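# Overview (structure and organization)
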Amino acid sequence: MRPFTYVKAQTIAGALEKAQARDTVFLAGGTELLNWARIGIESPEHLVDIGRLPSLDGIEAGDNGVRIGALGRLNDVAQDPRVASSYPVLSQAILKAASPQIRNVATMGGNLVQRTRCPYFRSAEPVPCNKRAPGSGCAALHGANERLAIFGWTEECVATQPSDPVVALACLDAQIVTEHPDGGRTIPATQFHTLPAEAPSAHNVLRSGELITAVDLGAPAPRSAYVKVRERQSYEFALVSAAAAVEVEEGVISRARLALGSVAMRPWRLYDSERALVGLRPGSPEVLHAVTVGFRDSHPLSSNAYKIPLARNTAMRALELALEA
Ligand SMILES: Cc1cc2nc3c(=O)[nH]c(=O)nc-3n(C[C@H](O)[C@H](O)[C@H](O)COP(=O)(O)OP(=O)(O)OC[C@H]3O[C@@H](n4cnc5c(N)ncnc54)[C@H](O)[C@@H]3O)c2cc1C
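Everything quoted here is computed from the prediction, not taken from an experiment.

This part takes up the packing of helix H10 (residues 286–293) against helix H11 (residues 307–324). Viewed as axis vectors pointing N to C, H10 and H11 meet at an angle of 125 degrees, and their least axial separation amounts to 10 Å. Our classification of the angle between H10 and H11 gives oblique. Along this stretch, H10 crosses H11, giving a crossing that reads as right-handed. Contacts between H10 and H11 involve Leu288, Val291 and Thr292 on the former and, on the latter, Arg312, Ala315, Met316 and Leu319. Grouping the constituent residues of the contact of H10 with H11 by class yields 5 nonpolar, 1 polar and 1 charged.

Take the sheet that holds strand S10 (residues 240–249) next. Spatial ordering of the open sheet is given by S9-S10-S11-S12, a layout of 4 strands whose pairing is antiparallel. If you trace the sheet from one side to the other, it starts and ends with strand S9 (224–229) and strand S12 (268–269), each paired once. Strand direction decides the pairing type here: S10 and strand S11 (residues 252–261), joined by 9 bridges, are antiparallel. Of the residues in S11, the one forming a bridge with Val246 is Ala256. Contacts between helix H5 (residues 88–95) and the sheet are confined to S9 and S10, with S9 contributing the most and set at about 25 degrees to the helix. Along the sheet face, H11 touches S9, S10 and S11 and points at about 35 degrees away from the line of S10.

Criteria and thresholds
- For every chain, the first residue of the written sequence is number 1, and numbering continues from 1 along that sequence.
- Side-chain atom pairs in this predicted model are given and counted only at pLDDT of 80 or more, local residue features only at pLDDT of at least 70, and totals for whole chains, interfaces and linings cover all residues.
- Axis definition: a line fit to C-alpha positions, over the contact stretch in the case of helices; interaxial angles, taken between N-to-C directions, run 0 to 180 degrees.
- In this description a helix means any DSSP run of H or I spanning at least four residues, a strand means any run of E spanning at least two, and both kinds are numbered starting from the N terminus.
- To sort the angles, those under 35 degrees are grouped as roughly parallel, those over 145 as roughly antiparallel, those from 65 to 115 as roughly perpendicular, and the leftovers as oblique.
- Should the near helix be turned anticlockwise from the far one by less than a right angle, the crossing is left-handed, and should it be turned clockwise, the crossing is right-handed.
- Residue pairs are scored as contacts if the distance between their C-beta atoms, which are placed from the backbone, is within 7 Å.
- Put simply, Ala, Val, Leu, Ile, Met, Phe, Trp, Tyr, Cys and Pro go in the nonpolar bin, Asp, Glu, Lys and Arg in the charged bin, and everything else, Gly too, in the polar bin.
- Should DSSP find at least two bridges between two strands, the strands are taken to pair.

Note that every value here comes from positions in space, so none of it alone points to a role or purpose.
Written out as structure tokens, the structure reads:
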């Protein structure tokens, strides 16, 4: 492990200033970053510890729905009564992530910035991986790609984004709020992660030294649900997951939002399905057809065609649970 300097930030302004030095990264809960340093994915020269910054761990009602501070611990967010009742999809997604112990330490901001679990990206031995070594290729394209992308991949990268909470945030049309010395901004959760066609080596759109300060959840979505399919029922990343939020008026679906997880390098909204669902009666046979419409642009890799029906059925189940809520 490369030696690094460590400094604890006392204020947001101080954290931003310290993060302008080259090769500096923020440390929040440390549950990802320290692993990355250990296996060589990240070797910063400077760590700026933001883990105890005052004012970034609150959960409060704001103009854009509930606002979650970037340092909100995952378990605190999931168990907040306003989140659990008004945004059940997020609460459920968080409680299916990692383990209770990790969720006590891990933060919302850190969860958004987590990197792919593609085995080649995380390999102990050097293998072609454009995310790990830009320009080296993608060993997963014709390799062990059972768990990797079915949407939005290119020959340069077929990885997936593994976060559970991010799928719920994309479904809710949540906004990610940042600060940077050149100016803060608000980034839609659907646009925060980068597809390989945009930049195969990138994971997200954050600039160097840009600090996530909060996540605005938007309008409440009490009729919402999250379904995660994994190889064991706890402490496991998703094979696929789905988040659904619905509104029903006069017995028909008036609005539907559907997002898939672990199928692309960003949470994948099924916009065509969402449009096709409007006007349908819950439980009618057309609902499955409407969900299927969103899979027209799915493309399996050599070993993961199973993920297409699995993801469709998972989306269907999330939709049914949201309609029952
Ligand atoms: C064994 C294991 C199993 C897991 N299983 C799951 C799972 O099933 N589902 C799931 O969703 N996640 C899972 N995770 C990921 C876990 O949720 C993340 O490790 C955690 O959320 C990261 O948060 P952190 O605060 O510890 O981030 P850190 O490790 O401190 O930081 C991670 C990255 O985020 C950056 N960062 C942190 N905060 C900010 C900020 N405010 N602004 C800008 N950059 C920031 C850091 O610089 C770093 O690059 C798992 C992790 C482990 C170790």
